[in-house]
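Coordinate inspection notes
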Amino acid sequence: MQVIKPLLAIRDLAVEFNLHGTPVPAVKGISLTLWPGRTLALVGESGSGKTVTSQAILGILPANARISQGEILFTPPNSETVDIAALNPNSQAMREIRGDKISIIFQEPMVSLSPMHTIGNQITEAIRLHRDIPKAEEKQLCIEMLTLAGFPKPEQAFNAYPFELSGGLRQRAMIAMALICHPALLIADEPTTALDVTVQAQILHLIKSLQQKLGMAVLLITHDLGVVANMADDLVVMYHGEIMESGPSETLFRAPRHPYLQALFAAVPHFDMKPGERLRPIREIDHETSPFRQSAAKKEQIQPQSAPHLSITNLSKSFGSRKGSLLGSEQTTTRAVCDLSLDIGVGESFGLVGESGCGKTTLSKMLMGALKPDSGSIIYSSRNTPIDLGSLQGEELRQFRRRIGLVFQDPHGALNPRMTIMNILREPLVIHKFGNEQSQRQRAKDLLALVGLSPRFLNRYPHSLSGGQRQRVSIARALALEPELLILDEPVSALDVSVQAQVLNLLKDLQQELGMTYLFVSHNIAVVDYIADRIGVMCRGRLVEVGRREQILRNPIHPYTRALMAAIPYPDLDRPLDFQRIIGSNYSDPQSWDSPYAHGPEQHTEWQEVSENHLVRVAVTATESTTAGTAGAEVSL
Amino acid sequence: MLPYIGRRILMMIPTLIVISFIIFVIIQLPPGDYLESYISELESQGESIDPAQIAALRAQYGLDEPFLVQYFTWATGMLHGDFGYSFEYGLPVSEVVGDRLFLTVVISIFTIVFTWMIAFPIGMYTATHQYSWGDYGLTLVGFLGLATPNFLLALVMLYFANVTFGISIGGLMDPEYLDADWSWDKFVSILQHLWIPVIVIGTSGTAAMIRRLRANLLDELHKPYVVTGRAKGVPPFKLLVKYPLRVSLNFFVADIGSMLPSIISGAEIVAVVLSLPTTGPILIAALQSQDMYLAGSFLMFLALLTVIGVLISDIALALLDPRIRLEGGRAA
């Protein structure tokens, strides 16, 4: 009888990077085994060496990295074992393995496909390199693969360019390209991190079903324990280039033994958290608010107000875009925000949930005055004096900007790489002529302490900070002018779980201690649940459901809210994703919803009250469209 | 696509009208005209001219007419191929320029091909071997080429060709062919002389193009789509040519717009030093002596080439890059 060999056996592998002449170890002697047809998840934070490991397996390490010891034994079905670590990465033998026996899909499907070549061209290239078959058959195979990958119109997709496809379809194209030669091993490097939750669920399901059809093994690299729970048979936890714990996921999820894995579990926000329960980040941060508390207390005294902090009425914004040929004569308009009304109370934390393209960023841009709304009004009430944002101009507008702070999603892009942290933090103070240089410097120090960073960071540049530290600097800058309202646009979605827990705790504390109002925008309901008092769910520019946190989470009414909730992968083996519910339907299309929620593009909708403060949007049929909404809210387009 | 090109061509008409007017105004800006500088030259040689004769000449050339009438005559004349009369040469402008234009185009095309042939391999090498000795060495040579004035290089080469090989390399053909009709021998003679100006004019352009190709390629080389290609098992050279090189070609195509006019006007000083029978020296002389119709027609021709060059590069960009072709102004 033939002995079954593992598909991939890594023995004592070490990889080092050569940085300015000194070797820096990235992977320090790891060993792991992957059996044919199984899924192994490599879990760890950024910088743990999981991506470097995958690059070593494919022989695509960056030029300044090299395998310093160990072996990577790869045994494709019906062939001899090869030690990939001993092969020259550019050799013919290695090139024959890459893309044929082992394939990879990456995190960012937009930039991982060439913008200049059609999908068909890029997929058939893989067949042409590894198989010797006639051209017509190539196309046929490619179209079959696209169909398998879930393209509704594979013939059209064959001739499409990547930028003509949505993020989810691009990732499907990536998958089709990786699987066209039926590899024995698929490496999936954070395959769904850049996607919306519902799309993520669909892509995970696709990988799983193709894995069964083609009988391949999957090496899944991720930092999301929820994804792991739904996908992996075995688990390897990495930290700083070393393996902390490994074993079947059943064992590791039920009884994590290593403190690092336990800590990772504790850092993930989940829906069963008791009121007041805190996330436990791996590294807790202390912060110092005292220089800011006094002014916050002063504000409280003047400001016992009844009017909502922010009152948005019938706000709409459309974008025109040219489409089609170079002529650009065809004008299409997209309604980014459509007749949106919302009140946010003083000191409240409002969470806005929705997938990409739902208009949440457009809304936050209008609130900060970076975009002018087409219609509708935004009334900002402070110290009982209402201010109409639309009427502000010139100096008034400049003065007003102090009151709203903004934190962006990507901490890499939000900080100027050519300014020191000191200059970044001082910039808003300089613009608004806040104190003299001496006091501004002191203030910058206080701001860093406010987000728990030591003053030694002041003279450093952003590139020398980690993602979490950068995001904290970004928060500190937003707080520099003591704003009353803080708009947080996906502030933690680019961060690792443990860092995410750090930043979420910090934001929560700061809000309580400084008495600010938050508008927290995110696509992750679990994160919003942790930080928000009230939640609004947004889809296609409209709010579809609004209510208090527990109302939305315990009793989601709207089909879109339910789809969002159902698509979230839990880091819990007993709550697997219900793939059947999510697959095959487009939940962000209003026409696909059940009655009475479904509506056409021009149909009227109105609020229906579920319980106190809990509203859900329903369609108005033509006969009753004249009656006002039950909750006394507006009837909108 | 076709209506777009049609619209772009229609747009060229008002552009060229405005340019022609500006050119005419600028040429007329210096005080006096060709006749005045001609008279003062004669007077400095001790001759005197009958004022009646001057007035007659003035009337003959239309120089006493109002400015707008002069402009109108010139502009409408150009429409049916009459570019005016060169005072300096005493010939119609088209006859003055004729042959020289052809030789200029020959030199320029050879120069461009030379530039590409040298710049592309070197640019690709320096980008893929960044910070290697080869990169540093070729970069040094490139900077030397960039920093050395062309005319100086021309002088150096003239000197060494004469001292080392004992040949005179000035001009574009052997003297006996200068006024001869076109023949095979004349053509060979031109080819024999051609390489010097091509190298001299080409060096600085080559160096600049190497640097730009290197910078553009370096931006692209580490993009994830290149890694994807590698992970598919694409061989290194094919990978380089199909993906990053293709994407970094945009700058190069966009350059065509500025390359066309420089075919005609570029390298004047080199042409003077090497006594090349090209158009550059004529343009300079015409501007100096206020030979207004010659200078004006020249400038007009340059403007036309610029406008056509930009059109060609826009169309080529759209053909090359699907993002430009299909995305239009998607950004709001």
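As recorded by an unreviewed UniProt entry, chain B carries the name Peptide/nickel transport system permease protein and is attributed to Marinobacterium lutimaris. For chain B, the Subcellular location (unreviewed entry) comment in UniProt is given as "Cell membrane". Database annotation for chain B, UniProt heading Sequence similarities (unreviewed entry): "Belongs to the binding-protein-dependent transport system permease family."

As annotated in an unreviewed UniProt entry, chain A carries the name Peptide/nickel transport system ATP-binding protein and is attributed to Marinobacterium lutimaris. As recorded by UniProt, the Sequence similarities (unreviewed entry) comment attached to chain A reads in full: "Belongs to the ABC transporter superfamily."

1. A few points about the overall build of chain B
What chain B contains, in helices and strands, is 16 helices and two strands. Taken along the three principal axes of its C-alpha coordinates, chain B extends 85 × 60 × 35 Å. Here chain B holds 332 residues, and the buried ones make up 29% of them. A separation threshold of at least 6 residues defines the contact pool for chain B, and within that pool the share at least 24 residues apart is 73%.

2. Observations regarding the UniProt feature "domain: ABC transporter" (unreviewed entry) in chain A
Those places that UniProt annotates as "domain: ABC transporter" (unreviewed entry) correspond, in this numbering, to residues 10-265 and 310-565 of chain A. Annotation note: span residues 10-265 of chain A, helix share 38%, strand share 27%, distance between end C-alpha atoms 26 Å.

3. Some points on helix α7 (residues 150-165) of chain B
Residues and elements named next belong to chain B. With 16 residues, α7 extends 21 Å from end C-alpha to end C-alpha; this agrees with the ideal 22 Å at 1.5 Å per step. Every buried residue of α7 is listed here: Asn150, Leu153 and Ala154. The arc that holds every buried residue of α7, seen down its axis, measures 100°, which confines them to one face. Those residues of α7 that are exposed and aimed more than 90 degrees away from the buried face are Val156, Tyr159 and Val163. Tucked inside the fold, the buried residues of α7 contact α8 (184-221) and α13 (268-273). Just past α7, the residue Gly166 takes up positive phi, approximately 70°.

4. Here's the deal with the confidence of the model for chain B
Low-pLDDT portions of the prediction should not be read for the details of their coordinates. Model confidence for chain B is summarised by a mean pLDDT of 81, while 96% of its residues fall at 70 or above. Predicted as a complex, the structure gets a pTM of 0.80 and an ipTM equal to 0.75.

5. Brief notes about the environment of Val236 of chain A
Residues and elements named next belong to chain A. Relative to the assigned elements, Val236 resides in strand β9 (residues 234-239). In sequence terms Val236 and Thr251 are 15 residues apart; their C-alpha atoms lie 12 Å from each other. In this structure Val236 touches Leu32, Leu40, Leu42, Val43, Ile243 and Ser246, once residues within four positions along its chain are discounted.

6. Looking at the pairing of strand β22 (residues 614-619) of chain A
All names here are of chain A. Along β22, five of the six residues are buried, which leaves the element largely enclosed by surrounding structure. Pairing of strand β20 (residues 542-548) with β22 involves two bridges; the strand directions are antiparallel. Looking across to β22, one finds that Val546 is bridged to Leu615. Where strand β21 (residues 605-611) lies against β22, six bridges are found, and the strand directions are antiparallel. Bridge pairing in β22 links Gln608 to Val616. Counted along the chain from β21 to the antiparallel partner β22, the turn is two residues long, and its residue Asn613 has a positive phi close to 70°.

7. Section: the packing of helix α15 (residues 421-431) of chain A against helix α16 (residues 437-450) of chain A
Residues and elements named next belong to chain A. At their nearest, the axes of α15 and α16 sit 9 Å apart, and the two run at 120° to each other. Here α16 runs oblique to α15, going by the angle between their axes. Along this stretch, α15 crosses α16, giving a crossing that reads as right-handed. Contacts from Met422, Leu425, Arg426, Leu429 and Val430 of α15 reach α16 at Gln440, Arg443, Ala444 and Leu447. Its residues assigned to classes, the contact of α15 with α16 comprises six nonpolar, one polar and two charged.

8. Overview of the domain arrangement of chain A
Residue and element names in this part refer to chain A. When cut into domains, chain A gives domain 1 (8-262) and domain 2 (290-556). Relative to domain 2, the C-alpha centre of domain 1 lies at a distance of 36 Å. Contacts between the two partners involve six residues from domain 1, matched on the other side by seven residues from domain 2.

9. Quick look at the UniProt feature "transmembrane region" (unreviewed entry) in chain B
All names here are of chain B. Under the local residue numbering, the UniProt record ascribes the feature "transmembrane region" (unreviewed entry) to residues 9-29, 101-125, 137-170, 190-210, 269-287 and 293-320. Helix makes up 95% of residues 9-29 and strand 0%. Its end C-alpha atoms lie 31 Å apart. Helix makes up 100% of residues 293-320 and strand 0%, with an end-to-end C-alpha separation of 40 Å.

10. Notes on the packing of helix α6 (residues 133-147) of chain B against α8 of chain B
Residues and elements named next belong to chain B. Relative to each other, α6 and α8 sit at 135°, their axes nearing to 7 Å. Viewed along their axes, α6 and α8 adopt a mutual orientation that is oblique. Of the two possible hands of crossing, α6 and α8 adopt the one that is left-handed. Touching Gly142, Phe143, Gly145 and Leu146 of α6 are Thr203, Ser204, Thr206, Ala207, Ala208, Ile210 and Arg211, all from α8. Looking at side-chain class alone, the contact of α6 with α8 contains five nonpolar, five polar and one charged residues.

11. Quick word on the nonpolar core
Ranked by size, the top nonpolar core spans 182 residues in total, and within it Ala176, Ile180, Leu185, Leu220, Ala476 and Phe520 of chain A carry the most contacts. In terms of residue count, helix α18 (residues 497-514) of chain A provides more of this core than any other element does, nine residues in total. Counting residues domain by domain, this core receives three or more from each of domain 1 (8-262) and domain 2 (290-556) of chain A. Formed by 21 residues, the second largest nonpolar core is a distinct cluster that contains Tyr85, Met292, Tyr293 and Ala295 of chain B.

12. Side note on the environment of Ser313 of chain B
Residue and element names in this part refer to chain B. Residue position: Ser313 is located in helix α15 (residues 292-320). In this structure, the C-alpha to C-alpha distance between Ser313 and Asn250, residues 63 residues apart in sequence, is 9.4 Å. In this view, Ser313 contacts Val253, Ala254, Ile256 and Gly257; residues no more than four positions away in its chain are not counted.

Basis of the calculations
Residues numbered from 1 in each chain as written. Chains lettered and ligands numbered in written order. Predicted model: local features only at pLDDT ≥ 70, side-chain atom pairs only at ≥ 80, totals over all residues. UniProt positions renumbered as here; feature names shortened; annotations may be inferred. Helix = DSSP H or I, 4+ residues; strand = E, 2+ residues; numbered from the N terminus. Buried ≥ 20, exposed ≤ 12 C-beta atoms within 10 Å, placed from the backbone. Contact = placed C-beta atoms within 7 Å. Expected span 1.5 Å × (residues − 1). Arc of directions from axis to C-beta. pLDDT = per-residue confidence, 0-100. Pairing = 2+ DSSP bridges. Axes fitted to C-alpha atoms, helices over the stretch in contact; angles between N-to-C directions. Parallel < 35°, antiparallel > 145°, perpendicular 65-115°, else oblique. Left-handed = near helix turned anticlockwise from the far one by under 90°. Nonpolar A, V, L, I, M, F, W, Y, C, P; charged D, E, K, R; others polar. Domains from an automatic or database assignment. Core = buried A, V, L, I, M, F, W, Y, C linked by C-beta atoms within 7 Å.

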